[in-house]
Amino acid sequence: MAEDEAKAQGNAAFSSGDFTSAIHHYSSAISLSPTNHLLFSNRSAAHASLCNYADALSDAKKTVELKPDWAKGYSRLGAAHFGLNDFKEAVAAYSKGLEIDPSNEALKSGLAYAQASKDQRLMQSLRTLLKKQEPDPEKKKQEVKQRAKAEKSLGATAFKNKDYETAIQHFSKAMEIDDGEISHIANRAAIYLQMGKYNECIEDCDKVVEKGTELGSDYKMLARALTRKGTAFVKMAKCSKDYDPAFEAYQRALAVDRNGETLKKLKEAEREKKEWERLEYIDPMIGDEERAKGDEFFEEKKYPEAIKLYTEAIKRNPKDSKAFSNRAACYNKLGAIADGLEDAEKCIEIDPKFSGGYSRKAEVEFYLKEFDNAMRTYQEGLKHDPNNQELLDGIGSCGQEIIKANRGGTPEELKERLVKGMEDSEIQNILTDPVIRQVMSDLEENPSAAQKQMQNSMIRSKIEKLISAGIVQKK
């Protein structure tokens, strides 16, 4: 229907802040449906947004005439009277609406503002009637401060109720009343930041700094304004990706007042930019190309050069398990065991089914003579790739070393295995087990008793662990 289309266009214009177009569309809809109270209500709101309170009042009256039992109509009526500074009628309208809908928060809030303004006007009127002479400059200054303070209080209440538009109006009025108090501008900037109106926030922060510098205001307030400006730029950078204005604002704030909060925000912004740059750098296709170049250097045994290319491949694709596996292989070749192990474990984490990670991890464990661990790692890899020759060969090598260890070795080898075993927390726990200590004693003094105990799988496993570590010698 044409009416619905015009109404929808009006709603869209209203939501975008184009109140003039909204009025035009609502008027078109009204010409098609002159008894629709919703259309008059919406047009009243649009007029009020443009401060056309007389027109807003006319539409609000029509709204309650068409739908006298609709609470929101009285909210529109109260807002129009409030805009015309007719606080008595505003109080009456909001009160009438609350009779219909006692729990309506908008009506309650409107009534509170209207009553406060009505009381304020009454006090002003009484002061005017009682005034017999012009107040002295100091008294006039105090009156200005009190009027601005009243607006500030109303703005704070509106902000607490998340009625940001009303809060903006009150803080703006406070600024008009007392233009020498920069805290009103700072408060409005904070509300703009909360609303996501970042350009308006930045503009107000600049006003705080400019006027505060001129008035010699508290340097901490100036620093807070610059910090808030930086925060607004950070919010904008999530779309623009330009963090430099935020860095500049934060650094200016720190130059004025070096405080922990601003420094923390600067560090967070720097981390955000770094993370954005990292994500922007990701390109798996280029990553594959860099890995292929690294493979060529690896074949030529140029391991440092290969590491550089594998590192670049990982930056381009942090989920490339092959790049981690290949770099681990390079580290292992160069004896950088800790780095090799870290890359191998990262490879397994990314792709648990890829055999390369298990091979690289087992290489490190084999190098460290942790043959049991290496055996388990090779076996885990074979679960995912049963025919992998590298894994099969690794198991064979581990088996040979374990057999060799169980048969003994040179005194130096036995001593090395013993020292290493005693550093193992699992070995230490086994040795504190009284059952195991008895079995160890029986192995020397009562072999038949020990043999009987060894039929228990848990005991046998622990004893084999001690044998592998060189704590117990197999005869």
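Residues numbered from 1 in each chain as written. Predicted model: local features only at pLDDT ≥ 70, side-chain atom pairs only at ≥ 80, totals over all residues. Heavy atoms only, no water.

Draft legend 1. Seen up close, the overall build of the protein chain. For the protein chain, the count of helices and strands is 26 helices and zero strands. Considering only residue pairs separated by 6 or more positions, the protein chain has 51% of its internal contacts joining residues 24 or more positions apart. Carbon together with sulfur atoms contributes 51% to the accessible area of the protein chain, which is approximately 27,400 Å² in total. (Helix = DSSP H or I, 4+ residues; strand = E, 2+ residues; numbered from the N terminus. Contact = heavy atoms within 4.5 Å. Areas by Shrake-Rupley, 256 points an atom, 1.4 Å probe, with all protein chains shown as cover.)

Draft legend 2. Region of the structure containing the environment of Ala 13. Along the polypeptide, Ala 13 turns up in helix α1 (residues 2-15). Separated by twelve residues in sequence, Ala 13 and His 25 have C-alpha atoms that sit 8.5 Å apart. When neighbours within four sequence positions are excluded, Ala 13 is seen to be in contact with Asp 18, Ser 21 and Ala 22.

Draft legend 3. The confidence of the model for the protein chain, seen in detail. Scored by pLDDT, the protein chain comes out at a mean of 84, with 89% of its residues at no less than 70. Ranking the elements of the protein chain by mean pLDDT puts helix α22 (residues 411-422) last with 61 and helix α16 (residues 303-316) first with 95. (pLDDT = per-residue confidence, 0-100.)

Draft legend 4. Here's a closer look at the nonpolar core. Ranked by size, the top nonpolar core spans 36 residues in total, and within it Ile 191, Cys 201, Val 208 and Tyr 250 carry the most contacts. Residue assignment for this core shows that the elements contributing at least two residues are α8 (137-160), α9 (164-177), α10 (183-195), α11 (198-215), α12 (219-240), α13 (244-256) and α14 (260-281). No other element matches the eight residues that α12 contributes to this core. Once residues lying within four places of it in the same chain are set aside, the contact partners of Cys 201 are Ala 189, Tyr 192, Leu 193, Arg 228 and Ala 232. Counting residues in hydrophobic clusters, the runner-up holds nine residues, among them Ala 362, Leu 382, Leu 391 and Cys 398. (Core = buried A, V, L, I, M, F, W, Y, C linked by side-chain atoms within 4.5 Å. Buried < 20%, exposed > 50% of the residue type's maximum accessible area, 1.4 Å probe, protein only.)

Draft legend 5. Local environment of the layout of surface pockets. Taken as a whole, the largest pocket encloses approximately 1,800 Å³ of empty space. Taken together, 50 residues make up the lining of the largest pocket; nearest its centre are Tyr 53, Ala 79, Phe 82, Thr 166 and Gln 169. No other element matches helix α7 (residues 105-130), which puts ten residues into the lining of the largest pocket. Per-class residue counts for the lining of the largest pocket are 18 nonpolar, 21 polar and eleven charged. (1 Å grid on protein atoms, 1.4 Å probe; cavity = no way out; pocket = protein on both sides within 12 Å on 5 of 7 lines; lining within 4 Å. Points joined across faces, edges and corners; volume = space filled by probe spheres on them. Nonpolar A, V, L, I, M, F, W, Y, C, P; charged D, E, K, R; others polar.)

Draft legend 6. Highlighting the side chain of Asn 42. The residue Asn 42 is located in helix α3 (residues 37-49) in this model. Sequence-distant contacts of Asn 42, defined by excluding residues within four places in its chain, comprise Lys 7, Asn 11, Tyr 26 and Arg 76.

Draft legend 7. Examining helix α20 (residues 371-384) more closely. With 14 residues, α20 extends 21 Å from end C-alpha to end C-alpha; this agrees with the ideal 20 Å at 1.5 Å per step. Listed as buried for α20 are Phe 371, Asp 372, Ala 374, Met 375, Thr 377, Tyr 378, Gly 381 and Leu 382. (Expected span 1.5 Å × (residues − 1).)

Draft legend 8. Broad picture of the packing of helix α19 (residues 355-367) against α20. Here α19 crosses α20 at 170°, and the two axes come no closer than 8 Å. Classified by the angle their axes make, α19 and α20 are roughly antiparallel. Across the interface between the two elements, Tyr 358, Ser 359, Lys 361, Ala 362, Glu 363, Glu 365 and Phe 366 from α19 touch Phe 371, Asn 373, Ala 374, Thr 377, Tyr 378, Glu 380, Gly 381 and His 384 from α20. Residues belonging to the contact of α19 with α20 are distributed by class as follows: six nonpolar, five polar and four charged. (Axes fitted to C-alpha atoms, helices over the stretch in contact; angles between N-to-C directions. Parallel < 35°, antiparallel > 145°, perpendicular 65-115°, else oblique.)

Draft legend 9. Main features of the pattern of salt bridges. Inspection of the entire model under this criterion finds 25 salt bridges. The salt bridge involving Arg 188 is made with Asp 204; its shortest N-O contact spans 2.8 Å. Remark: Asp 204 occurs in helix α11 and Arg 188 occurs in helix α10; sequence separation between them is 16 residues. The exposure class assigned to Arg 188 is buried, which follows from its relative accessible area of 11%. Relative accessible area serves as the criterion here: at 2%, Asp 204 is assigned to the buried category. Salt-bridge contacts for Asp 206 lead to Lys 229; the nearest nitrogen and oxygen are separated by 2.8 Å. Pair noted here: Asp 206 is in helix α11 and Lys 229 is in helix α12, with a separation of 23 residues, a long-range link. Using a relative accessible area of 12% as the deciding quantity, one classes Lys 229 as buried. Salt bridges linked by common partners bring Arg 188, Glu 203, Asp 204 and Lys 207 together as one network. (Salt bridge = Lys/Arg side-chain N within 4 Å of Asp/Glu carboxyl O.)

Draft legend 10. Highlighting the packing of aromatic side chains. One pass over the full model with this rule turns up six aromatic pairs. With 5.6 Å between their ring centres and 45° between their planes, Phe 159 and Tyr 164 make a pair best called tilted. Looking at Phe 159, the relative accessible area reads 34%, which means it is partly exposed. The ring of Tyr 281 is capped by Arg 316, whose NZ or CZ atom sits 3.6 Å from the centre of that ring. (Phe/Tyr/Trp six-rings, centres within 6.5 Å; stacked < 30°, edge-to-face > 60°. Lys NZ or Arg CZ within 6 Å of the ring centre and 35° of its normal.)

Draft legend 11. Highlighting the packing of helix α18 (residues 337-350) against α19. Look at α18 against α19: their axes get within 8 Å of each other, and the N-to-C directions meet at 150°. The orientation of α18 relative to α19 falls into the category roughly antiparallel. Of the two elements, α18 crosses α19, and the hand of that crossing is left-handed. Side by side, α18 and α19 meet where Ile 337, Gly 340, Leu 341, Ala 344, Glu 345, Cys 347 and Ile 348 of the first sit next to Gly 357, Tyr 358, Arg 360, Lys 361, Val 364 and Tyr 367 of the second. Class assignment of the residues belonging to the contact of α18 with α19 gives a composition of eight nonpolar, two polar and three charged. (Left-handed = near helix turned anticlockwise from the far one by under 90°.)

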